[in-house]
Amino acid sequence: MAKAITQHKPKEAKMLADLVGKAMTPACRKRGFASVDIVTAWPDIVGERYGTRVLPDKLIWPRQPELSDPEKPPQPATLVVHTDGATAMMLSHDSAQVIERINTFYGWAAIGRIKILQKPVRTRQTEQPKPLRSLTEREEEKLDKSLEGVENDRLREALKKLGAQVIAKGTNEAA
């Protein structure tokens, strides 16, 4: 008896951030964070100056009365961060702006103050992208030909730059 051949639908690819986020959420909740969002987006939230030199440690939420008013938002939390001594001085000066940026990220006044702990921080190194190879004449001509119908000069140049990067990241034409 012949076996029936069944076609399996390929599983949909999942983003690594979604998988890691689900695994990290319980650990973040123990530290007072509702989710990993602030931890993963930290460099984007606080900017280049503090993104790699200051690390969020935990949120300390004030005790709420048992019979709290559902219309009244909870009291803001204290964000505990750690950084080195020199950065701590700068951060204490800029803390109002950092709190504003964090609250903008959350969409409400979630953070009321920042408590700074001075301890060594391993700075995150941002990876520099590898330089892309130059396109061959044939690749350049093919790209230019594919963009002939684009009338807007700025759009055509942007598409050409993007196309060149996509081609350069691919395999060599000769291969």
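Please read these numbers as outputs of a predicted model, since none were measured by experiment. (Residues numbered from 1 in each chain as written. Predicted model: local features only at pLDDT ≥ 70, side-chain atom pairs only at ≥ 80, totals over all residues. Heavy atoms only, no water.)

Peer 1: Hey, could you run me through the packing of aromatic side chains in this one?
Peer 2: On inspection of all chains with the given rule, the structure shows two aromatic pairs. Ring centres of Trp-61 and Trp-108 lie 6.2 Å apart, and the angle between their planes is 15°; this geometry places the pair in the stacked category. Remark: Trp-108 occurs in the loop between α5 (85-106) and β3 (111-118) and Trp-61 occurs in the loop between β1 (54-60) and β2 (77-83); sequence separation between them is 47 residues. Taking the relative accessible area as the measure of exposure, Trp-61 reaches 35% and is therefore partly exposed. Taking the relative accessible area as the measure of exposure, Trp-108 reaches 34% and is therefore partly exposed. Considering the side-chain rings of Phe-105 and Tyr-106, the 5.6 Å spacing of their centres and the 65° angle between planes classify their relative orientation as edge-to-face. Exposure remark for Tyr-106: the relative accessible area of 28% places this residue in the partly exposed category. (Phe/Tyr/Trp six-rings, centres within 6.5 Å; stacked < 30°, edge-to-face > 60°. Helix = DSSP H or I, 4+ residues; strand = E, 2+ residues; numbered from the N terminus. Buried < 20%, exposed > 50% of the residue type's maximum accessible area, 1.4 Å probe, protein only.)

The values are spatial; any link to function lies outside them.
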